[in-house]
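# Architecture at a glance
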Amino acid sequence: MSGNKAQRPKAANAASRGNLPLSRQDLYDLARVVHGEARGESFTGQVAVASVVLNRLQSGQFGNTVQDVIFQPWAFTAVHDRQFYLPPDQSAFRAVNAAVKGWDPTGGALYYWNPQTATSKWVWTRPIINQIGRHVFAY
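Below: a short report on this structure. Since we're looking at a predicted model, the values are computed, not measured.

## Concerning the overall build of the chain
Across its full length, the chain carries five helices and three strands. Secondary structure elements of the chain, listed N to C terminal, follow the sequence α-α-α-α-α-β-β-β. Looking at the chain alone, contacts between residues at least 24 apart form 69% of all its contacts between residues at least 6 apart. When the accessible surface of the chain is split by element, carbon and sulfur atoms take 50% of a total near 7300 Å².

Set out below in C-alpha coordinates:
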(Lines give C-alpha, C1' and ligand atoms only; values in the text may rest on other atoms or scores of the structure.)
Protein backbone atom coordinates (compact mmCIF):
# COMPACT_ATOMS: atom_id res chain seq x y z
CA MET A 1 0.00 0.00 0.00
CA SER A 2 1.35 3.42 -0.73
CA GLY A 3 0.43 6.99 0.04
CA ASN A 4 0.76 10.24 -1.77
CA LYS A 5 4.25 11.61 -1.17
CA ALA A 6 2.92 15.16 -1.17
CA GLN A 7 0.93 14.33 1.97
CA ARG A 8 3.84 12.88 3.92
CA PRO A 9 4.84 14.78 7.04
CA LYS A 10 8.38 16.05 7.48
CA ALA A 11 9.13 13.10 9.77
CA ALA A 12 8.89 10.71 6.82
CA ASN A 13 12.14 12.06 5.44
CA ALA A 14 13.93 12.63 8.73
CA ALA A 15 17.16 10.63 8.93
CA SER A 16 17.44 11.39 12.63
CA ARG A 17 15.29 12.88 15.31
CA GLY A 18 18.25 14.43 17.10
CA ASN A 19 16.63 17.83 16.74
CA LEU A 20 13.88 16.85 19.21
CA PRO A 21 14.73 18.03 22.71
CA LEU A 22 13.42 15.04 24.66
CA SER A 23 13.61 14.85 28.44
CA ARG A 24 13.88 11.72 30.57
CA GLN A 25 10.16 12.06 31.29
CA ASP A 26 9.44 12.25 27.54
CA LEU A 27 11.39 9.04 26.95
CA TYR A 28 9.65 7.32 29.86
CA ASP A 29 6.23 8.39 28.62
CA LEU A 30 7.08 7.19 25.10
CA ALA A 31 8.10 3.82 26.55
CA ARG A 32 4.81 3.67 28.46
CA VAL A 33 2.85 4.27 25.24
CA VAL A 34 4.86 1.60 23.43
CA HIS A 35 4.34 -0.89 26.25
CA GLY A 36 0.64 -0.13 26.56
CA GLU A 37 -0.10 -0.13 22.85
CA ALA A 38 2.35 -2.67 21.38
CA ARG A 39 3.79 -5.01 24.01
CA GLY A 40 2.46 -8.03 22.10
CA GLU A 41 3.98 -6.85 18.83
CA SER A 42 7.41 -7.49 17.32
CA PHE A 43 10.26 -5.13 18.07
CA THR A 44 9.63 -3.45 14.70
CA GLY A 45 5.98 -3.00 15.66
CA GLN A 46 7.03 -1.38 18.92
CA VAL A 47 9.40 1.00 17.13
CA ALA A 48 6.55 1.82 14.76
CA VAL A 49 4.28 2.94 17.62
CA ALA A 50 7.03 5.15 19.06
CA SER A 51 7.60 6.55 15.57
CA VAL A 52 3.97 7.56 15.20
CA VAL A 53 4.15 9.57 18.43
CA LEU A 54 7.37 11.25 17.28
CA ASN A 55 5.94 11.87 13.79
CA ARG A 56 2.93 13.55 15.38
CA LEU A 57 5.20 15.68 17.54
CA GLN A 58 7.34 16.71 14.58
CA SER A 59 4.29 17.49 12.46
CA GLY A 60 3.13 20.19 14.87
CA GLN A 61 -0.50 19.14 14.29
CA PHE A 62 -0.96 17.26 17.55
CA GLY A 63 0.71 19.44 20.17
CA ASN A 64 4.10 20.79 21.09
CA THR A 65 5.23 18.20 23.64
CA VAL A 66 5.30 14.43 23.91
CA GLN A 67 2.66 14.71 26.61
CA ASP A 68 0.44 16.91 24.40
CA VAL A 69 0.54 14.19 21.75
CA ILE A 70 0.02 11.27 24.11
CA PHE A 71 -2.81 12.81 26.12
CA GLN A 72 -4.93 14.13 23.26
CA PRO A 73 -8.42 12.76 23.94
CA TRP A 74 -8.83 9.28 22.45
CA ALA A 75 -5.49 9.46 20.63
CA PHE A 76 -4.14 6.30 22.26
CA THR A 77 -6.25 3.47 23.61
CA ALA A 78 -3.61 2.67 26.23
CA VAL A 79 -4.20 6.04 27.89
CA HIS A 80 -7.96 5.58 27.88
CA ASP A 81 -7.87 2.01 29.24
CA ARG A 82 -5.01 2.89 31.64
CA GLN A 83 -2.49 0.40 30.21
CA PHE A 84 -0.29 3.47 29.73
CA TYR A 85 0.33 3.43 33.48
CA LEU A 86 1.86 -0.06 33.51
CA PRO A 87 5.64 -0.05 34.02
CA PRO A 88 7.34 -0.33 30.61
CA ASP A 89 9.73 -3.19 29.93
CA GLN A 90 13.23 -3.00 28.43
CA SER A 91 11.93 -3.78 24.95
CA ALA A 92 9.77 -0.63 25.07
CA PHE A 93 12.79 1.49 26.04
CA ARG A 94 14.90 -0.07 23.26
CA ALA A 95 12.10 0.62 20.76
CA VAL A 96 11.90 4.27 21.86
CA ASN A 97 15.68 4.59 21.54
CA ALA A 98 15.59 3.19 18.00
CA ALA A 99 12.78 5.57 16.99
CA VAL A 100 14.52 8.58 18.54
CA LYS A 101 17.69 7.67 16.62
CA GLY A 102 15.70 7.87 13.39
CA TRP A 103 14.34 4.42 12.57
CA ASP A 104 10.78 4.83 11.33
CA PRO A 105 9.43 1.55 9.95
CA THR A 106 6.07 3.25 9.30
CA GLY A 107 7.31 5.49 6.49
CA GLY A 108 6.14 8.66 8.26
CA ALA A 109 2.74 7.54 9.54
CA LEU A 110 0.68 9.78 11.78
CA TYR A 111 -1.96 7.16 12.60
CA TYR A 112 -2.20 3.46 13.32
CA TRP A 113 -4.88 1.04 14.41
CA ASN A 114 -5.71 -2.62 14.66
CA PRO A 115 -8.17 -3.35 11.85
CA GLN A 116 -9.66 -6.23 13.87
CA THR A 117 -10.66 -4.00 16.78
CA ALA A 118 -10.98 -0.46 15.36
CA THR A 119 -14.43 1.02 15.90
CA SER A 120 -13.85 4.47 14.40
CA LYS A 121 -15.06 4.80 10.82
CA TRP A 122 -12.95 7.95 10.48
CA VAL A 123 -9.63 6.08 10.69
CA TRP A 124 -10.51 4.16 7.55
CA THR A 125 -10.53 7.46 5.62
CA ARG A 126 -6.78 7.79 6.18
CA PRO A 127 -4.48 6.52 3.39
CA ILE A 128 -2.91 3.29 4.67
CA ILE A 129 0.79 3.01 3.84
CA ASN A 130 1.77 -0.28 5.44
CA GLN A 131 1.04 -2.97 7.99
CA ILE A 132 3.34 -4.15 10.76
CA GLY A 133 2.03 -7.00 12.85
CA ARG A 134 -1.56 -6.38 13.87
CA HIS A 135 -1.42 -2.62 13.18
CA VAL A 136 -1.93 -0.71 9.96
CA PHE A 137 -0.20 2.66 9.58
CA ALA A 138 -1.53 5.66 7.72
CA TYR A 139 -1.04 9.35 6.93
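Following the structure, the description resumes.
## Notes on the pairing of strand β2 (residues 128-132)
Looking along a regular strand, one sees the side chains alternate between the two faces of the sheet. In terms of burial, β2 is a largely internal element, four of the five residues being buried. With four bridges joining them, β2 and strand β3 (residues 135-138) adopt antiparallel strand pairing. Considered in β3, the bridge of I132 is made with H135.

## Concerning the packing of helix α2 (residues 43-59) against helix α5 (residues 90-100)
Contact geometry of α2 with α5 gives a least axis separation of 8 Å together with a crossing angle of 55°. Taken together, the axes of α2 and α5 are oblique relative to one another. Where α2 crosses over α5, the handedness of that crossing is right-handed. Residues F43, Q46, V47, A50, S51 and L54 of α2 touch α5, and the partners they reach there are S91, A92, R94, A95, V96, A98, A99 and V100. Its residues placed into classes, the contact of α2 with α5 shows 10 nonpolar, three polar and one charged.

What counts, and where the lines are drawn
- Every residue gets a number counted from 1 within its own chain, in the order that chain's sequence is written.
- Where local features are concerned, this predicted model is filtered to residues with pLDDT of at least 70; where side-chain atom pairs are given and counted, the filter is 80 or more; whole-chain, interface and lining totals use all residues.
- Just so you know, side-chain values use all the structure's heavy atoms and leave hydrogens and water out.
- Where helices and strands are cited, they refer to DSSP runs of H or I of at least four residues and of E of at least two residues respectively, numbered from the N terminus.
- Working rule for contacts: check all heavy atoms of both residues, and any pair within 4.5 Å makes them a contact.
- With residues, only the protein chains shown are counted as cover, and all accessible areas are computed by Shrake-Rupley using a 1.4 Å probe.
- The buried label applies to any residue whose accessible area, calculated with a 1.4 Å probe on protein chains only, is under 20% of its type's maximum; exposed applies above 50%, and partly exposed to all values in between.
- A pair of strands is treated as paired once DSSP finds two or more bridges between them.
- Angles here are taken between N-to-C directions and fall from 0 to 180 degrees, while the axes themselves are lines fitted to C-alpha atoms, restricted in helices to the stretch in contact.
- Each angle gets one of four labels, with under 35 degrees taken as roughly parallel, over 145 as roughly antiparallel, 65 to 115 as roughly perpendicular, and the rest as oblique.
- Helix crossings get a hand from a simple test, with the near helix turned counterclockwise from the far one by less than a right angle marking a left-handed crossing and a clockwise turn marking a right-handed one.
- For this classification, Asp, Glu, Lys and Arg are treated as charged, while Ala, Val, Leu, Ile, Met, Phe, Trp, Tyr, Cys and Pro are nonpolar and the rest, including Gly, are polar.

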